Amino acid sequence: MKFLNKIVFIFLFCLHIFFLLSLNSCKKESSEPNWDVNLLAPLAKATLTVDNIIADTLKKVNPDNSISLVYQSGLYKFSLDTLFKIPDTTVNYVAKLSNLDLGTINITHRTSFGDIANKDKEDNGPNSSLYQSIMNAHNSGMPTQIDPITEQQFDSVAIDASQYFQTVTLSQGFLDIKIDNQLPVSITNLIFEVRNQSTNIVVVQDTFPFISPFSQAEKTKSLAGLTVEGHMLGMVKLSSPGGEVTLDTSMAITAQISIYDLQVQSAIASFPGQNVVDKKEKTAFKINDVQLSRVLARSGNINIDVYNTLHETLHFNYKVYSATKNNIPLEINGTIPQAFNGNVSHISVNKNLQGYDFNLKGIGPVEQIYGDQNGNGFIDPDTVNTIFSTLVGSIDSSGNQIPLSMQDSIYFHCSFTNLSPDYVQGYLGRDTISESSAIETNILNEFVGASLNFNDVKVSLVVSNQIGISGKVMVNELKAINTSNNQSATLSFTLPVNPFSIAKPVNPNSTLIDVTPTINTLQLNNTNSNINSLINVVPNKINYSVQVYTNYNIPPPIPGTGADFIYYGDQISANLEVEVPLSVIASNVTLCDTSTFSLGKTNTDKITGGNLILFVDNEFPVEANPQVYLLDSNNAVLDIIIPSGAVVLAGDVNTTTERVTTAKRTKISVPITEARLEKLKKTKRIRATASFITRPQNQHVKIYNDYTMRFKVVGDFSYKLH
Amino acid sequence: MKKIMNRIFFIILMLAAFSANSQFTDIYNYFSLHKMNPDTNAYEIGVSYNTFVSSNSISNKFVNSILFLGVPAFHMNKYLSYDLKKSNPVKTQNFFGMEDNACMYFSYLPDSMFGYDHLGYRVSVENSNHGDVKFSRDLYNITFFGNKDYAGKTADFTDLQLTYMRYQQVKFGLFKQSKNIEDPFTIYFGIGIIKGQSYNSLSFDTTTLFTEESGEYINLQMQALYFTTDTAKNKSKWYHFNGMGACADIAFTYEDKKGNYFISCSLNDIGFIRWKNNSLMVPFDTTVHWDGVMVDSILWGRDTTFNTNFTKDSLIKTLYAKTKKTGFVKMIPEKINIAITKRLLNNNLYATLGMSYLYHANCPYPLIYAKGDYYFRNKISAGLQLAYGGYGNFQCGLGVSARFTKNILLQLGSSNIIGFILPYQTYAQSAFGRVICNF
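Residues numbered from 1 in each chain as written. Chains lettered and ligands numbered in written order. Predicted model: local features only at pLDDT ≥ 70, side-chain atom pairs only at ≥ 80, totals over all residues. Heavy atoms only, no water.

**Observations concerning the overall build of chain A**
No. 1: Across its full length, chain A carries 8 helices and 43 strands.
No. 2: Out of the 722 residues belonging to chain A, those deemed buried represent 52%.
No. 3: Pairs at least 24 apart in sequence give 86% of the contacts found in chain A among residues at least 6 apart.
No. 4: Roughly 31,200 Å² of accessible area belongs to chain A as shown, and the carbon and sulfur atoms make up 46% of that amount. (Helix = DSSP H or I, 4+ residues; strand = E, 2+ residues; numbered from the N terminus. Buried < 20%, exposed > 50% of the residue type's maximum accessible area, 1.4 Å probe, protein only. Contact = heavy atoms within 4.5 Å. Areas by Shrake-Rupley, 256 points an atom, 1.4 Å probe, with all protein chains shown as cover.)

**Regarding the overall build of chain B**
No. 1: Looking only at helices and strands, chain B has 7 helices and 24 strands in total.
No. 2: Looking at chain B as a whole, 49% of its 439 residues qualify as buried.
No. 3: For chain B, the share of sequence-separated contacts (at least 6 apart) that also reach a separation of at least 24 residues comes to 70%.
No. 4: Counting every atom, chain B has about 21,300 Å² of accessible surface; 62% of that belongs to carbon and sulfur.

**Concerning the pairing of strand 21 (residues 380-389) of chain B**
All names here are of chain B.
No. 1: Pairing analysis gives 10 bridges linking strand 20 (residues 367-376) to strand 21, with the strands arranged antiparallel. Within strand 21, the position partnered with Lys371 by the bridge is Gln385.
No. 2: As paired strands, strand 21 and strand 22 (residues 394-403) are joined by 9 bridges and run antiparallel to one another. If you follow Tyr388 over to strand 22, its bridge partner there is Phe394.
No. 3: Linkage of strand 21 to strand 22, two consecutive antiparallel strands, is achieved through a turn of 4 residues, within which Gly390 is found at a positive phi near 70°. (Pairing = 2+ DSSP bridges.)

**Some points on the pattern of salt bridges**
Between side chains of opposite charge, a pair can form as their charged atoms come close.
Residue and element names in this part refer to chain B.
No. 1: Scanning the model with the defined rule gives 28 salt bridges over all chains in all.
No. 2: A salt bridge links Glu44 to Arg122; its shortest N-O distance comes to 4.0 Å. You can see Glu44 sitting in strand 1 (residues 43-55) and its partner Arg122 sitting in strand 6 (residues 119-136), a full 78 residues away along the chain.
No. 3: Its relative accessible area of 1% is what places Glu44 among the buried residues. (Salt bridge = Lys/Arg side-chain N within 4 Å of Asp/Glu carboxyl O.)

**Overview of the sheet that holds strand 26 (residues 451-454) of chain A**
No. 1: Ordered by their spatial adjacency, 3 strands build an open sheet running 26-35-42 (chain A), and the pairing between neighbours is antiparallel. The outermost strands of the open sheet, each flanked by one partner alone, are strand 26 and strand 42 (701-702) of chain A.

**Concerning the nonpolar core**
No. 1: Counting 206 residues, the largest nonpolar core has Tyr76, Leu190, Leu292, Ile304 and Phe358 of chain A as the members making the most contacts within it.
No. 2: Ranked by residues supplied to this core, first place goes to strand 15 (residues 252-269) of chain A with 8 residues.
No. 3: Once residues lying within four places of it in the same chain are set aside, the contact partners of Phe358 of chain A are Ser293, Arg294, Val295, Ala297, Ser322, Ala323, Leu353, Ile387, Phe416 and Leu419 of chain A.
No. 4: Among the nonpolar cores identified, the runner-up in size contains 10 residues, and Met165, Tyr167, Trp275 and Ile332 of chain B belong to it. (Core = buried A, V, L, I, M, F, W, Y, C linked by side-chain atoms within 4.5 Å.)

**A word on a nonpolar patch on the surface**
All names here are of chain B.
No. 1: A cluster of nonpolar side chains, contributed by Phe114, Tyr116, Val123, Phe172 and Leu174, occupies part of the molecular surface with about 500 Å² of accessible area.
No. 2: For Phe172, the position within the fold is in strand 8 (residues 161-178).
No. 3: When its relative accessible area of 41% is taken as the criterion, Phe172 is described as partly exposed. (Patch = residues over 30% accessible without salt bridge, like charges linked within 9 Å, V, L, I, M, F, W, Y side chains within 5 Å.)

**Quick look at the sheet that holds strand 10 (residues 202-211) of chain A**
Residues and elements named next belong to chain A.
No. 1: Pairing is antiparallel across the open sheet formed by 4 strands, whose spatial order is 7-13-9-10. Two strands lie at the open edges of the sheet, namely strand 7 (149-160) and strand 10, each paired on one side alone. Between one strand axis and the next, the sheet turns through 10° on average, direction left out of account.
No. 2: In the sheet, strand 9 (residues 187-196) pairs with strand 13 (residues 231-240) via 7 bridges, with the strands oriented antiparallel. Bridged to Thr188 within strand 13 is Ser239.
No. 3: Across the sheet, helix 4 (residues 113-124) lies against strand 7 and strand 13, angled at about 110° from strand 7, the strand it touches most. (Axes fitted to C-alpha atoms, helices over the stretch in contact; angles between N-to-C directions.)

**Description of the confidence of the model for chain B**
All names here are of chain B.
No. 1: On average, residues of chain B score 84 in pLDDT, and 84% of them reach the 70 mark or higher.
No. 2: Under a pLDDT of 50 for its full length, residues 69-73 has, in the predicted model, 11 contacts with residues more than four places off or in other chains.
No. 3: Below pLDDT 50 for its whole length, residues 297-310 participates in 26 contacts with residues either more than four positions away or in separate chains. (pLDDT = per-residue confidence, 0-100.)

**Things to note about the pairing of strand 23 (residues 408-414) of chain B**
Residues and elements named next belong to chain B.
No. 1: Here strand 22 runs beside strand 23; their pairing, made up of 6 bridges, is antiparallel. Bridging from a neighbouring strand, Ala402 pairs with Leu410 of strand 23.
No. 2: Where strand 22 folds back onto strand 23 in an antiparallel hairpin, the turn is made up of 4 residues.
No. 3: Judged from the 6 bridges that link them, strand 23 and strand 24 (residues 428-438) form a sheet pairing that is antiparallel. Looking across to strand 24, one finds that Gln411 is bridged to Arg434.

**Brief notes about helix 4 of chain A**
Since there are 3.6 residues in each turn of an α-helix, residues three or four apart along the chain are aligned in direction.
All names here are of chain A.
No. 1: Here helix 4 is 12 residues long and its end C-alpha atoms lie 16 Å apart, about the 16 Å a rise of 1.5 Å per residue gives.
No. 2: Of the positions making up helix 4, those classed as buried are Phe113, Gly114, Ile116, Ala117, Lys119 and Asp120.
No. 3: The inward-facing, buried residues of helix 4 abut strand 5 (105-112), helix 5 (129-140), strand 7 and strand 13.
No. 4: A positive backbone phi angle near 95° is found at Gly125, which sits one or two residues after helix 4. (Expected span 1.5 Å × (residues − 1).)

**Structural notes on the packing of aromatic side chains**
No. 1: Enumeration according to the criterion identifies 37 aromatic pairs over all chains in this entry.
No. 2: Centre to centre, the rings of Tyr549 of chain A and Tyr552 of chain A are 5.3 Å apart; their planes meet at 55°, and the pair counts as tilted.
No. 3: Residue classification places Tyr549 of chain A among the buried positions, given a relative accessible area of 18%.
No. 4: With a centroid separation of 4.8 Å and 85° between ring planes, the pair formed by Tyr357 of chain B and Tyr359 of chain B is classed as edge-to-face.
No. 5: Of the residues examined, Tyr359 of chain B reaches a relative accessible area of 40% and is grouped as partly exposed.
No. 6: Ring pairs connect the aromatic residues Trp35 of chain A together with Phe62, Tyr82, Tyr140, Phe144 and Phe145 of chain B, which therefore count as one cluster.
No. 7: If you follow Lys219 of chain A out to its NZ or CZ, it ends over the ring of Phe208 of chain A, 5.5 Å from the centre. (Phe/Tyr/Trp six-rings, centres within 6.5 Å; stacked < 30°, edge-to-face > 60°. Lys NZ or Arg CZ within 6 Å of the ring centre and 35° of its normal.)

**What about the environment of Gly610 of chain A?**
Residues and elements named next belong to chain A.
No. 1: Residue position: Gly610 is located in strand 37 (residues 607-618).
No. 2: Between the alpha carbons of Gly610 and Gly715 there is a distance of 7.6 Å; along the sequence they are 105 residues apart.
No. 3: In contact with Gly610, other than residues within four places in its own chain, are Val670, Pro671, Ile672, Asp716, Phe717 and Ser718.

Have a look at this one:
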């Protein structure tokens, strides 16, 4: 078609120069003389080479300088996105308080001989024998017989823990009572009782049957399930056999009470600073049939929403041991204000995951470094698609007494979104990807409708694989269609070459080094297929249907050992490559093109006629029969430009060398009359047609790269000169 | 109104065609100084106009088709037909000259000036247009017929000389009469300053054009020089100063009363004009091989806009590539006239034999002329002139003069009256008119 365009273009170009000269000479028409001159002058020249006819991208010069048409068209491309996508994954924790510690509470109560003497004096009067004997012994400093002490009760001993809590219900806790008897007499039947002051409910009661002088006795009581008030009352009952002793009234028996290991069910208390949540979690990405062991994030986000029901400011630390950047685990810290007035407080944190290296082998690799994390006593084996993380929540001691119970919790919502990898590794699964489509070919566009016969056509399906996965490609259908004459041909194989294998490339193990693709070619030729019949259809459309099987017949490996990989941007691409040697028999090749045309304001009045003479020196072994039609706005033919029967002669092929050695000259004269110029003024479109035939007829002729067709347009015309 | 003006113009020209002499062969201009007398004829005021076109190959019909284009009175067609172009007997070397001159002058011969008797002066103002061209047959053929007939041949334009200039002069001269009884004579010497209005000249040295037989290429070899003062539009009107110069006139009239003849010699416009520094000098020394516009670079595709960038302006820009702004000095055409006049038939017939020539004007030959003026009752005269040479060939003219009163003389004439009758066969035409007032 470019050949035709060139002829038409030169013709129009020469007309343009023709009119331009006329326009320049038409000025001052009314005041200057005019006369006719007959000019014979070259107007334009052009050389048509193979480069002009065939785009560089479609041309291949063979060693003997002959030409092959080459055509390449992409059929399909599969990239990482096509194979799989890491879904957005959400982790939700409702982390209830795992521990509420109020610390250890110590209360000491001391009962001296003086207290015993005074109690006896209070109960029995100043003349009581016990009182008198104790006082005498104290005053004399001599051994003195002390009367036996019958049961003596000390009530309403205030035990004040209100600085720690107002009230507390314990799920667990212990109370130690340690009696230190520094009296010189034995104590028998010491009964110790603690009860809540307001409810008078006994919290704890126990009896020490016998405690020797200057000795200690200790008992431990469980407080599980008890509710304890900050204000308690203690009661101590004791007896003693008495005896001859030297004493001092300051000698005393001391009860030391320790409340410890409290696990609070609920309390209104002033809590000390402590971790209240400590959770270890394995999170799995749900990727069907794909077992990823490593993902290097190109982009993505982690979004964390934490809700706090505590009436205390909560600090949290979320640490993903499986995601590291510069060998530092992904860690997110935050502080959530205390819940207030019944409203849950909330915080949202977002972090960009770009550059994080996710080890998806689960808790195993973490335990190998940090030891057993889940308390099962051994290092867990590697798994796939799984990350390991911890969440720790803590409170500070504010000194205020706040209500807190084990029903209080932290709601933790964590999501991994839009995670796009730079690199993935693992077992990428077995998949079947189907692709069916059609491509428009331009290699023979100009010859659709022509009768062409080519030799030695080669068609290759070339699959370039940059993805670290092996597989197979099956060509289900390859159909060449000529839409102009509805002819078609479907590829059939005469040898078992379909499907064909796709090899796996070598992993460079670096995102900085491009993966060298494996090139996998299915070459179609006369011996293994009917490909010639497809090309001789002169297709302008190719329908195809292919299937790509990944990890064809390859079972999943042991978790964590998969070696498939994909780098971002790498792909499996398939191209259809066609090579048609330009050794052809062509006939009935008719080209047609229509161009818009307008003389515009060009003045043609002074042109009195003449001829445009086209000289063509043709080295191509192709004969052309060009014609140019002038059309009006309704596409009606106004004029036919090229004289009937005008032929651009083909170069003569030397039978020995099969080459054209001497250009064949053709002269075509196109009359430019005033009537034709008038028609040109009315012309809105120009339709150019040309029919071609190779010479000698019915013989394949080769087209060589150095063939040229030289055009020269000479104007032989007369016009009025001013 | 236009028709009336055309008729008046036509009548004046027709009268001129049957009248006296052109200034080219004029001997009366200085002879009148010789005849001045401080007692009876001390003053002379005159107004004159003369014009001529002449060629050795371009017919009057052809010239008129160009010069009198669109003048209804001449029914001139602006179209130069093939027959008209072919009718010119173009030679190997061809010449064409044209000039028109308008003059007003005042002459005074006092009784005495600077202590000398018979010493007078003349003051004049003149406006002149002059054009001349020397060209080859090939140039004519290429210009008017095109190059088609030169297919396979070389057209030679060498030695083209073309000049066209316009200028105005103010002259002052002194004349001295010698009043010998038997052989009085008068000498005149005048000088003048020249205001240059416009100047254009083109000269070809070796310039040829070869057209390949089938027209596939054209070779142009060109060595040429072009001078012009037309550097800007509307800057070459009569009131624009584009150059300054000086000139001198010398005249001598000798009268032999015994032999009853007189001799007139004059050398006019010995001078030059220095055209201003903003004038252009364009040298051409180039060889052009033209084989068409290469269209390879033009984009393919539909709806192409055809734009060649080939314009008159771009062509001129190319040709003017070596243009240099410079001042230059050019001589103005010098006119030589020598004549001897014998009075016969009781002084009623003045027979004159003369030669005139234009220097610096591509005038190939001197003009040899002979004429006779017959005076009727001493008030009216009629004359016939035959001439050969100059730019053209044989010329035949008629003239008439009439003294309507004692003081006023009217002269009308043409040196080439046949040109108006046989325009296809004649190659020169002229007109001349003068009104003189003596007192």
